[in-house]
Amino acid sequence: MRRALWVELRRGTAPYAALAMFGAGVWVLAAHPDDWGGRWVGLADYLRVSLLVLCPLMVCAGAWQAGRERRRDIGELIAATPRPGWHSLVAAWLAVTLAGVAGTAVAFGGAAVLVARVATYAGGDWWQRAAVGVLALAAASAGGVLVGRRVPLRVAAPIAGLATYLGLAILTYWNAAPARLSPAYDGRRMYSLVPEWVIEWQATWLVALTVLLLAVAVRRWRVALLAGGVAVAAAVPISTGPSWNRAPADPAAVELVCTSSGPEVCLTRVNAFLLGEVAAVAQPILARLDGIPGAPRRAVDHTVRPAGASVAEDADTVWLYLDFQATALGGLANAEDLRTAFRQETGWGCAYRLQGDEFDQRIHQADNMATDWLLDGSGFWAEGASAGLRELPPSAQRAWFADYLDAVGRCDVPALVRLAEQP
Amino acid sequence: MTTVSVAGLRVSYGNRAVLDDLAIELGVGVHGLLGPNGAGKTTLMRVLATVLRPDRGEVRLLGHRTDDRVGLRQARRRLGYLPQAFGFYPRFTVREFVEYFAWLREMPAARIPLAVDRAIERVGLRDRADDRMKHLSGGMLRRAGIAQAIVNAPRVLLLDEPTAGLDPEQRVEFRTLLRELGRDAVVLVSTHLVEDVAAACARVSLVDDGRLVFAGHPEGLIAAGGDGDSGDSPIERGYTAVLRGARQVSR
Amino acid sequence: MTGRLLRLHLRARGASAFVAGASAIALLAWAGGTWLAAQPHLGGPAARLPVVVLAPLLAAVLLGPTLAGADEELERGTPLRWPAWRVGHVLLAVLAVATALALTGLRAPETFGAQALARNTLGWIGLVAGATALLGARLAWLPAFGYGCVVYLAAPRDAGVFVALWAWPVQPATAAASWLAAGGVLALGLAGYAYRGSAVGHRLPSRPVTI
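Residues numbered from 1 in each chain as written. Chains lettered and ligands numbered in written order. Predicted model: local features only at pLDDT ≥ 70, side-chain atom pairs only at ≥ 80, totals over all residues.

Asker: Summarise the overall build of chain A; cite the residues concerned and give the values.
Answerer: What chain A contains, in helices and strands, is 16 helices and four strands. Computed over C-alpha atoms, the radius of gyration of chain A comes to 28 Å, more than 25% over the 22 Å expected from 2.2 N^0.38 for 423 residues, which places it beyond the range of a compact globule. In terms of overall dimensions, chain A has C-alpha extents of about 95 × 45 × 40 Å along its principal axes. Evaluated residue by residue, chain A yields a buried proportion of 48% over its 423 residues. The long-range share in chain A, meaning contacts at least 24 apart out of those at least 6 apart in sequence, stands at 72%. (Helix = DSSP H or I, 4+ residues; strand = E, 2+ residues; numbered from the N terminus. Rg over C-alpha atoms; globule rule 2.2 N^0.38 Å. Buried ≥ 20, exposed ≤ 12 C-beta atoms within 10 Å, placed from the backbone. Contact = placed C-beta atoms within 7 Å.)

Here is the structure:
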């Protein structure tokens with residue numbers, strides 16, 4: 001077996017499969033580094049999301065490899081040999097699988113090096129999630145092998161690949177329980193723990209599916225029946241069990257890490273690698289607000305906001321949304337987006353609530369002034385709006401902002417109009 | 001000693017019987033299998049190679065019945081086969097290709113490297129052993145095909161048109177190889193080149209329209225021909241005479 | 001005479017299998033597109049993006065094997081005006097596939113419907129034709145398949161002319177640059193295929209090239 005495997009690894013579809021998987025992996029990783037940068041769980045989840053692309057490629061490679069006997073018209077020669085058919089088929093499948101997984105591993109391994117440099121949370125079940133992804137790749141190549149062996153169509157390989165693509169895409173769209181059997185998922189579950197039983201059943205389901213597909217390819221009906229039984233047994237609890245989409249939060253992952261000096265900025269442990277850069281953006285703004293009645297005093301990671309989290313909702317806190325805020329190297333992707341969070345605090349809600357006749361353009365003017373003042377003259381869309389305000393003495397500026405917050409809180413239109421015209 | 005025996009063999013494609021009630025016994029030595037196109041030579045080869053299951057009849061290879069699963073596997077371990085249309089993997093090197101078939105024939109792993117080298121050497125491809133198959137000429141490919149057929153030192157060797165694509169010099173060398181292989185194995189060579197049979201075969205069988213119409217020594221076939229028969233050599237005249245006689249009888 | 005030649009040509013290239021396959025794809029695209037468009041939680045007609053990307057791609061992959069005869073060199077040795085035949089062959093396929101698929105996306109044709117289906121047909125068939133000239137009909141599906149698999153997930157979330165150019169299959173039909181890109185791919189692929197025909201790889205001696 002080792003001899004045949006070695007030859008297949010070098011001369012079969014395997015080298016191309018490795019190259020394709022590596023290329024696709026790098027491309028997909030490079031396309032959305034904000035999904036995985038700096039976070040182990042993010043990277044594992046991104047592998048699962050990428051299965052939408054990687055599984056079809058594996059199916060195609062498996063089908064191309066298994067269709068070789070027919071393409072090269074060598075079935076006659078092989079039929080006269082004593083070795084059971086499944087030996088060469090398993091060798092071929094193993095070669096494609098190992099090569100494909102290796103290609104993927106190199107691409108994601110590169111990303112893992114980048115993550116390892118900065119990651120602040122290595123716990124959770126990220127490696128189990130990634131392992132299920134690898135099993136899915138093996139199952140995909142087994143599916144390809146089955147198609148290649150059984151379908152005498154010249155374009156069987158790409159058609160099977162694209163059909164897999166379509167199937168997985170529909171499963172991610174399909175909001176029903178059986179869709180959970182798909183190893184590729186859409187959402188990000190960075191802050192929660194997938195229940196252990198789910199991971200165990202998913203692994204069992206994928207292994208049984210692999211064996212089933214291979215057994216059907218070589219017409220080993222008894223093995224196929226057995227594997228099919230196991231696959232069904234594993235599929236039932238996955239598709240009928242409670243949904244894990246709202247799995248409980250991973251307490252260690254959402255534990256807050258806060259700045260030790262200056263105004264308080266707290267991020268979850270998962271996102272804590274961004275703390276330095278986030279604090280550099282948030283602290284000057286918080287410092288300007290310090291002491292103003294009704295103004296927020298600290299900035300906290302949005303993740304802990306849902307019910308059951310450790311921090312209750314209060315007006316003292318600005319919530320920072322950090323899910324797509326990492327670059328591949330672990331830096332902050334977009335400081336402007338963070339500033340937007342503070343802009344929300346300047347009460348745009350009131351302008352939105354007013355309709356038709358009540359609305360006065362000067363309300364916007366007041367909002368723009370407040371935003372620009374808060375962001376120290378660099379307000380997005382409102383740059384320079386607070387120039388007049390900032391010429392006043394500091395205490396007057398702060399008094400104006402306190403009045404503004406008060407007026408916005410009550411949605412007091414005359415007060416806002418007055419504030420817009422005041423300085 | 002008889003090592004290949006076939007009795008009451010019938011193979012048909014649809015309603016047309018390609019082989020009908022054919023019986024043949026082959027012992028150690030080189031056997032030529034002659035016959036016109038469509039006579040059933042390749043079908044007989046495929047039955048003996050165990051890739052085509054006959055409709056009726058018994059096939060024994062080295063004492064094993066081919067309709068018995070265990071016996072079939074035993075027989076296939078000692079079987080070498082080169083089909084007429086012979087496929088190959090273009091990206092494999094000659095060595096890898098022969099090695100792969102040694103593995104498929106379930107040779108003990110420890111013996112494979114030496115056996116592969118020896119098979120490649122015997123067909124004269126030693127200096128091309130590490131070339132990819134796609135870079136070989138037609139004659140070299142044929143020889144690589146012969147190498148895979150002999151790698152497991154088969155006791156039954158079936159070669160369907162092995163000399164197609166070989167140049168005259170290679171054919172002479174090939175005949176020497178055949179005689180060498182025929183010392184301790186049953187070698188059945190199907191061919192249209194009757195002079196190959198005269199030169200290399202100890203025995204010759206002639207098939208026409210699915211039936212065995214002649215079995216004996218090449219000298220016997222030569223003796224069957226007369227001056228009035230068409231052909232440029234004595235054995236060609238014998239060949240046409242036997243065929244004509246068989247067709248007259250069947251009418 | 002040309003009519004009979006045309007019939008023989010289409011038969012030699014397996015046109016009937018292609019028509020059957022393309023019809024099946026059109027039916028699936030219609031069913032899939034209608035289902036997706038009817039799912040309000042997915043965003044209505046805009047959810048048809050996977051159909052818009054994959055249906056024309058599948059049709060183009062099926063077209064691949066028809067772009068070469070059983071023996072390309074044998075055909076090239078004949079005095080027929082092959083470039084014209086090749087162009088005609090591909091354009092006929094583009095017209096047939098684009099029409100069939102566009103008919104499946106008539107509901108809200110501007111949001112990932114008929115227009116985008118037609119544009120992607122141009123692009124994918126162009127890519128397959130170009131790949132045939134470079135890699136041969138046997139592997140013509142490879143670049144389109146690989147690109148199609150990755151572009152859907154790898155397309156950036158932001159829009160722009162450059163993105164519309166390289167990620168043309170996933171752009172809304174209103175992005176002019178995506179039409180430019182798809183049309184350009186078709187023109188290039190068509191020119192390459194008309195000029196070179198299907199690439200002939202290593203010919204395996206002593207036996208016909210198997211596909």
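Alright, that's what it looks like, and here's the rest.
Asker: Explain the overall build of chain C to me, and be specific about the residues and the numbers.
Answerer: Secondary structure assignment for chain C yields nine helices and zero strands. With the C-alpha coordinates of chain C rotated into their principal frame, the extents come out at 60 × 35 × 25 Å. Residues counted as buried form 46% of the 211 residues belonging to chain C. Considering only contacts in chain C between residues 6 or more positions apart, those separated by 24 or more positions represent 73%.

Asker: Tell me what's going on with the domain arrangement of chain A, and back it up with residues and numbers.
Answerer: Residues and elements named next belong to chain A. As far as domains go, chain A holds domain 1 (2-240), domain 2 (254-336) and domain 3 (346-423). Taken residue by residue, the interface counts eight residues in domain 2 and 10 residues in domain 3. Examining the composition of the side of domain 2 that touches domain 3, we find that three residues originate from one element, helix α11 (residues 275-289), more than from any other. Its residues placed into classes, the side of domain 2 that touches domain 3 shows five nonpolar, one polar and two charged. (Domains from an automatic or database assignment. Nonpolar A, V, L, I, M, F, W, Y, C, P; charged D, E, K, R; others polar.)

Asker: Describe the nonpolar core, listing the residues and the values that go with them.
Answerer: Here is a general trend for soluble globular proteins: nonpolar side chains tend to be buried in one another's company. With 286 residues, the main nonpolar core has Val61(C), Ile125(C) and Val128(C) as its most contacted residues. For this core, the element with the most residues is helix α3 (residues 40-66) of chain A, which contributes 20 residues. Ignoring any residue separated from it by four or fewer positions in sequence, one finds Ile125(C) in contact with Ala60(C), Leu63(C), Val90(C), Ala93(C), Val94(C), Val97(C) and Leu186(C). (Core = buried A, V, L, I, M, F, W, Y, C linked by C-beta atoms within 7 Å.)

Asker: Summarise the sheet that holds strand β2 (residues 264-268) of chain A; cite the residues concerned and give the values.
Answerer: Residue and element names in this part refer to chain A. Taking strand neighbours across the sheet as the criterion, the four strands line up as β1-β2-β3-β4 in an open arrangement whose pairing is mixed. Of all the strands in the sheet, the pair left with one neighbour each is β1 (256-258) and β4 (317-320). Pairs of neighbouring strands in the sheet enclose a mean axial angle of 25°, with direction left out of account. Of the strand pairs in this sheet, strand β3 (residues 298-301) and β4 are connected by four bridges, and their pairing is parallel. Across the sheet, the residue bridging to Ala299 is Val318, located in β4. (Pairing = 2+ DSSP bridges. Axes fitted to C-alpha atoms, helices over the stretch in contact; angles between N-to-C directions.)

Asker: Break down the sheet that holds strand β6 (residues 79-82) of chain B for me, citing the residues and quoting the values.
Answerer: Residue and element names in this part refer to chain B. An order of β6-β7-β8-β3-β9-β10 is seen for the six strands of this open sheet, with the pairing classed as mixed. The open sheet terminates on both sides in strands that have one partner only, identified here as β6 and β10 (211-216). Direction aside, neighbouring strands of the sheet carry axes that sit 15° apart on average. Across the sheet, helix α5 (residues 138-150) touches β6 and β7 (156-160), and the angle it forms with β6 is around 165°.

Asker: Give me the interface of chain A and chain C: which residues, what numbers.
Answerer: At the interface, 25 residues of chain A touch 20 residues of chain C. Residue assignment for the side of chain A that touches chain C shows that the elements contributing at least two residues are α2 (14-31), α3 and α8 (156-173) of chain A. With eight residues, α8(A) is the single largest residue contributor to the side of chain A that touches chain C. In terms of residue class, the side of chain A that touches chain C is made up of 18 nonpolar, three polar and four charged.

Asker: Could you give an account of the pairing of β3(A), with specific residues and numbers?
Answerer: Put simply, side chains in a regular strand alternate between the two faces of the sheet. All names here are of chain A. Of the pairings in the sheet, the one linking β2 to β3 comprises three bridges and is parallel in character. Each bridged residue has a counterpart across the sheet, and for Glu264 the counterpart in β3 is Arg298. The handedness of the β2 to β3 crossover, carried by α11, is left-handed. (Right-handed = clockwise from strand over helix to strand, strands pointing away.)

Asker: Describe in detail the confidence of the model for chain C, supporting the description with residues and values.
Answerer: Taken as a whole, chain C shows an average pLDDT of 86; of its residues, 93% reach a score of 70 or greater. The ipTM value of the predicted complex is 0.86, and its pTM value is 0.88. (pLDDT = per-residue confidence, 0-100.)

Asker: Any chance you could break down the interface of chain B and chain A for me, citing the residues and the numbers?
Answerer: Facing the 26 residues of chain B at the interface are 17 residues of chain A. Residue assignment for the side of chain B that touches chain A shows that the elements contributing at least two residues are α2 (69-77), β6 and α3 (94-104) of chain B. Class assignment for the residues of the side of chain B that touches chain A results in 16 nonpolar, two polar and eight charged.

Asker: Run through unusual backbone geometry, naming residues and quoting values.
Answerer: All names here are of chain B. Phi angles above zero are rare outside glycine, and Leu62 is one such case at about 50°. Its location among the elements puts Leu62 in the loop between β4 (56-61) and β5 (64-65). At Glu161, a position not held by glycine, the phi torsion is positive, near 50°. Among the structural elements, Glu161 can be located in the loop between β7 and α6 (168-181). A count of 20 C-beta atoms within 10 Å places Glu161 in the buried class.

Asker: Describe in detail α3(A), supporting the description with residues and values.
Answerer: In α3(A), a bend of some 55° at Leu51(A) exceeds every other bend along the element. The element α3(A) is largely enclosed, with a buried count of 27 among its 27 residues. (Bend = angle between axes of the 7 residues up to and from the residue.)

Asker: Go over the confidence of the model for chain A, please, and point to the residues and values.
Answerer: Per-residue pLDDT for chain A has a mean of 86; in total, 90% of the residues score no lower than 70. Model confidence for chain A, summarised as mean pLDDT per element, is weakest for helix α13 (residues 348-353) of chain A at 62 and strongest for helix α6 (residues 85-118) of chain A at 96.

Asker: If you had to explain helix α3 (residues 49-63) of chain C to someone new, which residues and values would you point to?
Answerer: Along its 15 residues, α3(C) runs 22 Å from first to last C-alpha, staying within 8% of the 21 Å computed at 1.5 Å per residue. The buried fraction of α3(C) amounts to 15 of the 15 residues, a majority that puts the element mostly inside the structure. (Expected span 1.5 Å × (residues − 1).)

Asker: Mind laying out the environment of Ala15(C), listing which residues take part and the relevant values?
Answerer: Residues and elements named next belong to chain C. With respect to the helices, strands and loops of the structure, Ala15 is situated in helix α2 (residues 15-37). On the basis of neighbour counts, which here come to 19 C-beta atoms within 10 Å, the residue Ala15 falls in the partly exposed class. The contacts of Ala15, once residues within four sequence positions are left out, are Leu10 and Thr66.

Asker: Account for the packing of α8(A) against α3(C), with residues named and values stated.
Answerer: Contact geometry of α8(A) with α3(C) gives a least axis separation of 10 Å together with a crossing angle of 170°. Between α8(A) and α3(C), the interaxial angle falls into the category roughly antiparallel. Side by side, α8(A) and α3(C) meet where Pro158(A), Ile159(A), Leu162(A), Tyr165(A), Leu166(A) and Ala169(A) of the first sit next to Pro50(C), Leu54(C), Leu57(C), Leu58(C) and Val61(C) of the second. In terms of residue class, the contact of α8(A) with α3(C) is built from 11 nonpolar, no polar and no charged. (Parallel < 35°, antiparallel > 145°, perpendicular 65-115°, else oblique.)

Asker: I'd like a rundown of the environment of Ala185(B), residues and numbers included.
Answerer: All names here are of chain B. Considering the arrangement of structural elements, one finds Ala185 in the loop between α6 and β8 (186-190). By the C-beta count within 10 Å, which is 20 here, Ala185 ends up buried. Between the C-alpha atom of Ala185 and that of Ile235, which follows or precedes it by 50 residues, the distance is 25 Å. Here Ala185 is in contact with Val28, Pro154, Arg155, Val156 and Leu157, once residues within four sequence places are set aside.

Asker: Outline the environment of Ile238(A), supporting the account with residue identities and numerical values.
Answerer: Residues and elements named next belong to chain A. In this structure, Ile238 sits in helix α10 (residues 221-240). The sequence separation of Ile238 and Trp201 amounts to 37 residues, and the corresponding C-alpha distance is 6.7 Å. Apart from residues lying up to four places away in sequence, Ile238 is in contact with Arg180, Leu181, Val198, Trp201, Gln202 and Trp205.

Asker: Describe the packing of α2(C) against α3(C), and please don't skip the residues or the numbers.
Answerer: All names here are of chain C. Remark: α2 packs on α3, axes separated minimally by 10 Å, with the N-to-C direction vectors making an angle of 175°. Comparing their axes, α3 and α2 come out roughly antiparallel. Seen from α2, the contacting residues are Phe18, Gly21, Ala22, Ile25, Ala29, Gly32, Gly33 and Leu36; seen from α3, they are Val51, Ala55, Leu58, Ala59, Leu62 and Leu63. Each residue belonging to the contact of α2 with α3 can be placed in one class, and the counts come to 11 nonpolar, three polar and no charged.

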